[in-house]
Amino acid sequence: MHIHDLITDSATLANLCARLAQQPFVTVDTEFMRENTFWPELCLIQIADTNEAAAIDPMAPGLDMTPLLDLLVNNEDVLKVFHAGGQDLEIVYNLTGKTPHPLFDTQVAAMALGQGEQIGYSNLVETYLGITVDKGARFTDWSRRPLDKRQIDYAICDVTYLSEIFPKMLEKLRKTGRGDWLDEEMERIGDPENYRSDPDNAWQRIRISSRKPEVLGRLKALARWRELEAQNKNLPRGRIVKDETIADLAGNPPRRQGDLAKVRGLSATWAGNDIGGRLMAAIEGATAMPASEMPARDDRKLPLGKEGALVADLLKLLLKIRARDINVAARLLARTDDLEALAAGQRDGLSILNGWRFEQFGRDALALVEGQLGFTVRNGKLKMTRTEEQQP
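Residues numbered from 1 in each chain as written. Predicted model: local features only at pLDDT ≥ 70, side-chain atom pairs only at ≥ 80, totals over all residues. Heavy atoms only, no water.

**Focus: the UniProt feature "domain: HRDC" (unreviewed entry) in the protein**
Thought 1: With numbering matched to this structure, UniProt assigns "domain: HRDC" (unreviewed entry) to residues 212-293.
Thought 2: Helix makes up 56% of residues 212-293 and strand 0%. Its end C-alpha atoms lie 12 Å apart. (UniProt positions renumbered as here; feature names shortened; annotations may be inferred. Helix = DSSP H or I, 4+ residues; strand = E, 2+ residues; numbered from the N terminus.)

**Structural notes on a negative patch on the surface**
Thought 1: A cluster of acidic residues, Asp 180, Asp 183, Glu 187 and Asp 191, forms a negative patch at the surface.
Thought 2: Mapped onto the elements of the fold, Glu 187 is located in helix 7 (residues 181-189). (Patch = residues over 30% accessible without salt bridge, like charges linked within 9 Å, V, L, I, M, F, W, Y side chains within 5 Å. Areas by Shrake-Rupley, 256 points an atom, 1.4 Å probe, with all protein chains shown as cover. Salt bridge = Lys/Arg side-chain N within 4 Å of Asp/Glu carboxyl O. Lys, Arg positive; Asp, Glu negative; His and termini not counted. Charge placed at Lys NZ, Arg CZ, Asp CG, Glu CD.)

**Some words on the pattern of salt bridges**
Thought 1: Counted according to the given criterion, the structure contains 22 salt bridges.
Thought 2: Across the salt bridge formed by Glu 184 and Arg 357, the nearest N and O atoms sit 3.5 Å from each other. With Glu 184 in helix 7 and Arg 357 in helix 15 (residues 355-369), this residue pair connects regions lying 173 residues apart in the sequence.
Thought 3: Residue classification places Glu 184 among the partly exposed positions, given a relative accessible area of 45%.
Thought 4: With a shortest N-O distance of 2.8 Å, Asp 243 and Arg 226 are connected by a salt bridge. Pair noted here: Asp 243 is in helix 10 (residues 243-251) and Arg 226 is in helix 8 (residues 213-233), with a separation of 17 residues, a long-range link.
Thought 5: Asp 243 sits in the partly exposed class, given a relative accessible area of 32%.
Thought 6: Arg 226 sits in the buried class, given a relative accessible area of 4%.
Thought 7: Each of Glu 184, Glu 185, Arg 188 and Arg 357 takes part in salt bridges that share partners, so that together they form one network. (Buried < 20%, exposed > 50% of the residue type's maximum accessible area, 1.4 Å probe, protein only.)

**Examining the nonpolar core**
Thought 1: Of all hydrophobic cores here, the largest spans 83 residues; its most connected members are Ile 47, Ile 56, Leu 68, Phe 104 and Phe 361.
Thought 2: Element by element, the count of residues in this core is highest for helix 15, at seven residues.
Thought 3: In terms of domain composition, this core takes at least three residues from each of domain 1 (2-195) and domain 3 (306-386). (Core = buried A, V, L, I, M, F, W, Y, C linked by side-chain atoms within 4.5 Å. Domains from an automatic or database assignment.)

**A word on the packing of aromatic side chains**
Thought 1: By the definition in use, this model includes six aromatic pairs.
Thought 2: Put simply, the rings of Phe 25, Phe 104 and Phe 166 touch in pairs and so form one group of aromatic residues. (Phe/Tyr/Trp six-rings, centres within 6.5 Å; stacked < 30°, edge-to-face > 60°.)

**Observations concerning the layout of surface pockets**
Thought 1: Size it by volume and the largest pocket reaches roughly 760 Å³.
Thought 2: Looking at the lining of the largest pocket, the elements that each hand over two or more residues are strand 2 (25-33), helix 3 (86-96), helix 5 (121-129) and helix 6 (149-176).
Thought 3: The element that contributes the greatest number of residues to the lining of the largest pocket is strand 2, accounting for six residues.
Thought 4: Of the residues belonging to the lining of the largest pocket, the class tally is 11 nonpolar, seven polar and eight charged. (1 Å grid on protein atoms, 1.4 Å probe; cavity = no way out; pocket = protein on both sides within 12 Å on 5 of 7 lines; lining within 4 Å. Points joined across faces, edges and corners; volume = space filled by probe spheres on them. Nonpolar A, V, L, I, M, F, W, Y, C, P; charged D, E, K, R; others polar.)

**Regarding the packing of helix 12 (residues 305-326) against helix 14 (residues 336-343)**
Thought 1: At a minimum axis separation of 8 Å, helix 12 and helix 14 run at an interaxial angle of 130 degrees. Comparing their axes, helix 14 and helix 12 come out oblique. For the pair helix 12 and helix 14, the sense of crossing is right-handed. Residues Gly 308, Val 311, Ala 312, Leu 315, Lys 316 and Leu 319 of helix 12 touch helix 14, and the partners they reach there are Thr 336, Leu 339, Glu 340, Leu 342 and Ala 343. (Axes fitted to C-alpha atoms, helices over the stretch in contact; angles between N-to-C directions. Parallel < 35°, antiparallel > 145°, perpendicular 65-115°, else oblique. Left-handed = near helix turned anticlockwise from the far one by under 90°. Contact = heavy atoms within 4.5 Å.)

Right, dumping it as structure tokens:
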């Protein structure tokens, strides 16, 4: 494989992307910094096919990234392969308003192949290629220039190894017939709504026990205020105000700005400065949340009761058995929320009662809660057994 020098000029990048656009797939990774910012700071993009690989410096003066971004989000003929690509997709979304498509995530594929629920990249490389990845540059400050050869070599390995691993994974998926299992997961991961930062929806990330409309209205206003402050200052949300303080302010709003000095988690200076004034304006401008916006009660979160909790435990045991028998990560088959919902009597809207999940697990899970399936031990191994044929 040909490894290019670090790409810092537009012509070289355009030529590379023109060649990659003719390939069936490319592997992609990014290096970024976000510890001290709201928006992740893109510092490096690595991309490869089976013939060539390159690291691209998005911080290079005058570099036109358009050909690369077009390849990632507008070219439907080239599959984009990531490993645990959520943060990479967020960065691309922030730059383009779109996510890469079509998409393949090797961490999710590994779940379908029984290789763990969140297998790390290093373990994936060792499993498929027998190579130990050098982690020496993992904690590099990627924003500092110049980057040395060791840093660039480390970064490029993330896509060169992946370009070897992906065809091997694809072949395994074809042999096991599990490729179709991943379509739904890839579409879910690639949904642009996952990465859109809408200040009006920021309140939904904050945990709060109250369901009073006036409290939730203040929570929405405060979360929106914090989101805009964080975006404008390009600081992490928690650097403005932590979630628990936002929830406390929503439930126990101060009457005047001077009271902010008494709020745990806020600087006493907010009692008289501009940011404190903007916080108070958000509280004073808040209105009770209308019924149309109130969060629906989630039956899956309602108490199960003692018997329901026991049924949920049996479903979790069934999940472990089924995941072992078909050699797939349990998390890909079902989530705990779905199991508890099924135990509580819910049937609508559960992923385990649709598609391939129903065929592989949901059918047996439903039979268990309806008394048609039990457990037995045979030759020291826990098995499922039918206890009663379903009545017509």
